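Residue-level listing of the chains:
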Amino acid sequence: MAAPKSIFTTAPSRNLAPLSLHQSLSSPLSPRITRSHSVAFRPKPRSSSLVLCSTDESNTAAEKEIPIELRYEAYPTVMDINQIREILPHRFPFLLVDRVIEYTAGESAVAIKNVTINDNFFPGHFPERPIMPGVLMVEAMAQVGGIVMLNPEVGGSKSNFFFAGVDKVRFRKPVIAGDTLVMRMTLVKLQKRFGIAKMEGKAYVGNTLVCEGEFLMAMGKEDE
């Protein structure tokens, strides 16, 4: 009858011979020792890895090499002020959109209003602290919505589109002289049968939300 297999893994060595289960039961205190084999205990190797800790020093140094006036890119121009004037009927001092930077026909538009101390509302709002009136922020956003709906690409015209109402308007932060107001207007629902369009608007300064709300636009008949 053959001896049972060893419970240990064997590997070449100079000191110990493999110890079988039969031998361990018959003579547990006197295993054979030879120079050919040994009981192999193979510890799991430790994984070595190098953890690199980045610092802001290198980034700061690289930024200092680039002058600040060259560090930031300007907003793109999808529609300039002349193209905006061809779509919107508004004129000075009530045209509150300076440039369109993104446009998807019949769906959405993103435009900017450069808020400057020369805007005619600042002498009265307020002389000691120039803040853009919230109602004018809403009007500027509605004009961006008008660019979406009045564009001839979607069948719009200057004579039959009106700002009908607002809902859930919230002003999150004051907009002051020197800010760039970035406004996104998105068409949510259009009921051509009733001539009603619902839009969602959000306005930002940098990455901070300063105003948001829901807008209602109404389309009239050509003879109205």
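Above: the structure in question.
Residues numbered from 1 in each chain as written. Predicted model: local features only at pLDDT ≥ 70, side-chain atom pairs only at ≥ 80, totals over all residues. Heavy atoms only, no water.

1. Digging into the side chain of Glu 139
Operational definition: Here a strand is any run of E in DSSP of at least two residues, a helix any run of H or I of at least four, and the numbering for each starts at the N terminus. Each residue gets one of three labels from its accessible area relative to the maximum for its type: buried under 20%, exposed over 50%, partly exposed in between, using a 1.4 Å probe on protein chains only. In this count, Lys and Arg are taken as positive residues and Asp and Glu as negative ones, while His and the chain termini are left out. Any carboxyl oxygen of Asp or Glu that lies within 4 Å of a side-chain nitrogen of Lys or Arg is treated as forming a salt bridge with it. Two residues qualify as a contact provided that any one of their heavy atoms is within 4.5 Å of a heavy atom in the partner residue.
Secondary-structure assignment places Glu 139 in helix α4 (residues 134–150). For the buried Glu 139, no salt bridge is present, and the opposite-charge side chain at shortest range is Arg 91, 11 Å distant. In this structure, Glu 139 is in contact with His 90, Phe 94, Leu 96 and Phe 163, ignoring residues within four places of it in sequence.

2. Quick look at the sheet that holds strand β3 (residues 99–104)
The test is simple: The rule for pairing is simple: two strands pair if DSSP sees at least two bridges between them. In this analysis, axes come from line fits to C-alpha atoms, helices being fitted only over the stretch in contact, and the angle between any two N-to-C directions falls in the range 0 to 180 degrees.
Pairing is antiparallel across the open sheet formed by six strands, whose spatial order is β3-β4-β6-β7-β8-β5. Where the open sheet ends on each side, the last strands, each with one partner, are β3 and β5 (161–171). Looking at each pair of strands side by side, their axes are set apart by 20° on average, direction ignored. Sheet analysis places strand β4 (residues 108–114) next to strand β6 (residues 180–191), joined by seven bridges and oriented antiparallel.

3. Considerations on the packing of aromatic side chains
Rule in force here: Each Phe, Tyr or Trp ring, with Trp reduced to its six-membered ring, pairs with another whose centre is within 6.5 Å; inter-plane angles below 30 degrees give stacked pairs, above 60 give edge-to-face pairs, and intermediate values give tilted ones.
For the coordinates displayed, the defined rule picks out two aromatic pairs. Measuring from centroid to centroid gives 6.0 Å for Phe 163 and Phe 215, while their planes differ by 25°, and the two rings are stacked. With Phe 163 in strand β5 and Phe 215 in strand β8 (residues 208–219), the pair connects residues that are 52 residues apart, well separated along the chain. Among the residues examined, Phe 163 registers a relative accessible area of 37% and is labelled partly exposed.

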